[in-house]
Amino acid sequence: MTNRPSNITNLFESLEYKKESISSKSLVDKQGGTITLFAFDRAQGLGKHSSPEMTAIQLIEGKAEITVDDNSHLVNEGEMITIPANIPIALHAIHKVKAILTRIKS
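Residues numbered from 1 in each chain as written. Predicted model: local features only at pLDDT ≥ 70, side-chain atom pairs only at ≥ 80, totals over all residues. Heavy atoms only, no water.

### Describing the overall build of the protein
Next up, step 1: If you tally the helices and strands in the protein, you get zero helices and nine strands.
Next up, step 2: Going from the N terminus to the C terminus, the protein shows its helices and strands as β-β-β-β-β-β-β-β-β.
Next up, step 3: In terms of overall dimensions, the protein is globule-like: its C-alpha atoms have a radius of gyration of 14 Å, near the 13 Å expected for 106 residues.
Next up, step 4: On the principal axes, the C-alpha backbone points of the protein span a range of 45 × 30 × 20 Å.
Next up, step 5: Across the 106 residues in the protein, those meeting the buried criterion constitute 31%.
Next up, step 6: The contacts of the protein with a sequence gap of at least 6 include a subset with a gap of at least 24, amounting to 61%.
Next up, step 7: Taken as two groups, the 12 positive and 12 negative side-chain charges of the protein have centres that lie 5 Å from each other. (Helix = DSSP H or I, 4+ residues; strand = E, 2+ residues; numbered from the N terminus. Rg over C-alpha atoms; globule rule 2.2 N^0.38 Å. Buried < 20%, exposed > 50% of the residue type's maximum accessible area, 1.4 Å probe, protein only. Contact = heavy atoms within 4.5 Å. Lys, Arg positive; Asp, Glu negative; His and termini not counted. Charge placed at Lys NZ, Arg CZ, Asp CG, Glu CD.)

### Looking at the packing of aromatic side chains
Next up, step 1: Tallying each qualifying case throughout the model produces one aromatic pair.
Next up, step 2: The ring of Y17 has K98 lying over it, and the distance from NZ or CZ to the ring centre is 5.2 Å. (Phe/Tyr/Trp six-rings, centres within 6.5 Å; stacked < 30°, edge-to-face > 60°. Lys NZ or Arg CZ within 6 Å of the ring centre and 35° of its normal.)

### Describing the pairing of strand β7 (residues 80-83)
Next up, step 1: The alternating pattern of β7 places I81 and I83 on a buried face and M80 and T82 on a face that is not buried.
Next up, step 2: Pairing between strand β4 (residues 54-61) and β7: four bridges, direction antiparallel. Counterpart to A56 in the pairing with β7 is T82. (Pairing = 2+ DSSP bridges.)

That is the geometry; function is a separate question.
Structure representation (structure tokens):
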């Protein structure tokens, strides 16, 4: 068995909110996919875009409106939404939001 280094990351302390802005921190960036931590101040978000990878957005803090294609969803702290590849998505933070965005290449 090979010893491999492990990381423990406190997601609440890893990234601070910035006034009227979005912060992000790459947690994993590998050939098979990425994991990025985001902190959105209230009323901030990601504009409509699509990705060639399957995407999962997990809210670890706050509440957001996430639009998938043209369908709007209210996503709360502790919930996750998955989006198939090549489907347009957008995120609008209703309250301050910390979220983990995972993209998995097929």
